[in-house]
Amino acid sequence: MLYLHIPFCKQACNYCDFHFSTSTTYKSQLVKAIVKELSIRKQYLNTPITSIYFGGGTPSQLTLDEVEVIFNSIYNNFNVNKGIEVTFEANPDDLTLEYLKGLKSLGVNRLSIGIQSFREQDLKSMNRAHSVKQAFDCLSFAENAGFSHVSIDLIYGIQGLTNQDWVEQLNTTKKLPIDHLSCYSLTVEPKTPLAKAIENGKMEDISDDQSADQFEFLQSWALENGFEHYEISNLAKEGGVAQHNSAYWKGAHYLGIGPSAHSFNGISRSVNIPNNTKYIRGIEANKPEMELEEINTDIRFNEIVLTGLRTKWGVQKVELIKLGKKYVQHFQQKSLVFKEIEKMIETDSAFILPANAWLNADGIAGKLFI
Ligand code: SF4
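The model shown is predicted, which means the values in this text are computed figures rather than measured ones.

(A) Molecular detail of the nonpolar core. Ranked by size, the top nonpolar core spans 95 residues in total, and within it Leu4, Ile52, Ile70, Ile74, Leu111, Ile152 and Leu181 carry the most contacts. When residues of this core are sorted by domain, at least three fall in each of domain 1 (2-249) and domain 2 (297-368). Not counting residues up to four positions away in its chain, the partners in contact with isoleucine 152 are Ile113, Ile115, Phe118, Leu139, Thr173, Leu176, Ile178, His180, Leu181 and Ser182.

(B) View of the side chain of aspartate 153. Here aspartate 153 shows up in strand 5 (residues 150-156). Excluding residues that lie within four positions of it along the chain, aspartate 153 makes contacts with Ser112, Ile113, Gly114, Ile115, Gln116, Ser182 and Tyr184.

(C) Geometry of the site of the ligand. Neighbouring residues of the ligand: Cys9, Gln11, Cys13, Tyr15, Cys16, Phe20, Gly57, Thr58, Asn91 and Arg128. The residue inventory of the shell around the ligand, partitioned by class, reads five nonpolar, four polar and one charged.

(D) Quick peek at the pattern of salt bridges. Counting across every chain of the model gives 17 salt bridges. In this structure, glutamate 293 engages arginine 269 in a salt bridge whose closest nitrogen and oxygen atoms are separated by 3.9 Å. Highlighted residues: glutamate 293 in strand 12 (residues 290-294) and arginine 269 in strand 11 (residues 268-272), separated in sequence by 24 residues. Glutamate 346 is the partner of lysine 317 in a salt bridge, and the nearest nitrogen-oxygen pair spans 2.8 Å. Placement of lysine 317 in helix 12 (residues 317-323) and of glutamate 346 in strand 14 (residues 345-346) is noted, with a sequence separation of 29 residues between them. Residue glutamate 346 is classed as partly exposed on the basis of its relative accessible area, which comes to 32%. When salt bridges with common partners are traced through the structure, they connect Arg269, Glu293, Arg300 and Glu303 into a single cluster.

(E) Region of interest: the sheet that holds strand 2 (residues 49-56). Read across the open sheet, the nine strands follow the order 7-8-6-5-4-3-2-1-9; overall the sheet is mixed. Because the sheet does not close on itself, it has two edges, and the strands there are strand 7 (228-231) and strand 9 (255-257). On average, each strand axis in the sheet is inclined to that of its neighbour by 20°, with strand direction left out of account. Taken together, the three bridges between strand 6 (residues 180-185) and strand 8 (residues 234-236) define a ladder with antiparallel strand orientation. Residue serine 182 lies in a different strand from strand 8, and its bridge partner there is asparagine 234. In this fold helix 2 (residues 64-77) packs onto strand 1 (2-6), strand 2 and strand 3 (80-90), with an angle of close to 150° to the strand it touches most, strand 2.

(F) Summary view of a negative patch on the surface. A contiguous patch of negative charge on the surface is contributed by Glu204, Asp205, Asp208, Asp209, Asp213 and Glu216. Given the relative accessible area of 35%, aspartate 213 is considered partly exposed.

(G) Representation of the sheet that holds strand 11. Spatially, the three strands line up as an open sheet ordered 10-11-12, and their pairing is antiparallel. At either end of the open sheet lies a strand with only one pairing partner, and these are strand 10 (262-264) and strand 12. Going across the sheet, the axis of each strand differs from the next one's by a mean of 20°, ignoring polarity.

(H) Looking closely at the environment of glycine 56. Within the secondary structure layout, glycine 56 lies in strand 2. By relative accessible area, glycine 56 is classed as buried at 10%. The sequence separation of glycine 56 and serine 270 amounts to 214 residues, and the corresponding C-alpha distance is 17 Å. Once residues lying within four places of it in the same chain are set aside, the contact partners of glycine 56 are Tyr3, His5, Ile6, Phe18 and Glu89.

Conventions adopted
- Residues numbered from 1 in each chain as written.
- Predicted model: local features only at pLDDT ≥ 70, side-chain atom pairs only at ≥ 80, totals over all residues.
- Heavy atoms only, no water.
- Core = buried A, V, L, I, M, F, W, Y, C linked by side-chain atoms within 4.5 Å.
- Buried < 20%, exposed > 50% of the residue type's maximum accessible area, 1.4 Å probe, protein only.
- Domains from an automatic or database assignment.
- Contact = heavy atoms within 4.5 Å.
- Helix = DSSP H or I, 4+ residues; strand = E, 2+ residues; numbered from the N terminus.
- Near = heavy atom within 4 Å.
- Nonpolar A, V, L, I, M, F, W, Y, C, P; charged D, E, K, R; others polar.
- Salt bridge = Lys/Arg side-chain N within 4 Å of Asp/Glu carboxyl O.
- Pairing = 2+ DSSP bridges.
- Axes fitted to C-alpha atoms, helices over the stretch in contact; angles between N-to-C directions.
- Patch = residues over 30% accessible without salt bridge, like charges linked within 9 Å, V, L, I, M, F, W, Y side chains within 5 Å.
- Areas by Shrake-Rupley, 256 points an atom, 1.4 Å probe, with all protein chains shown as cover.
- Lys, Arg positive; Asp, Glu negative; His and termini not counted.
- Charge placed at Lys NZ, Arg CZ, Asp CG, Glu CD.

Written as structure tokens, this is what we have:
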């Protein structure tokens, strides 16, 4: 699996703590550095590439020529399996029919579009760069350009978004040419403009009860409307499950390219420096700047529990067995209490949370950690 982090955004959304810059001064150097990093790190994975994901930041801030240069480097340096999922994150205001046709001809076959809300007041309060009209327009452009796999992001728990508003947002998606929905609860990350506005009393705090209610609405809406809720934040129509993200949650190895990108080879995790100019300098000097984290078995166990319990596949017994008897016993013993109160189901192959426990999946995982 290959992930590429494109660290540019037109403007800063107030809730965002990802690595990005609103200045494109170094964009061409950064694209060159990405091209070079692909070459420097081509031995990192010992297997062919099984999915490609352009994330960010905002990959649609790249020109088609820049996207093509990156694809050329991928195909020159890696053995890429045929017919794989190639996802490109984009924002509505960047998407024209011509741009989308260009992406399609370069090999992108799945779009993940940051729509976030179909209400102007929400887009404004989150400082999104696009309008509701642009959201609808880009979806029809995507359909006309021939994309059959389209995901959109929506955010719930926004101040002033009533439960009725949220259900209307979800119902709006029924008419859209999409096969995947990613729905996130608005969270207040430290040091973001949102956190500061709440601290200064300029915005009201978000309500945990509102987010919880809206998550439950999402669960029942999905059941009634043909979307499978396969991961806490992700829902798909038949055939729409994201291959790249699903493999990531199941513990697949991946190479991350670009500033702040993470890589995982089963033994260690590395994180590229989250600073565009330092990243470029490191790559130019053939010394990529990154931090390494050795993954011991305890850490791996906790990761498997945390990611597994957030999915419909649950924690696979085979994964625990691979870690050793101690970990199987620990999980079995700690999970007893949740089985007794019917917040965990044990099947022949996995431990799975039932729908009524998903809201508290992270809390339950925390109680099972070693
Ligand atoms: S467009 Fe995405 S990455 Fe950029 S600031 Fe907004 S949420 Fe963050």
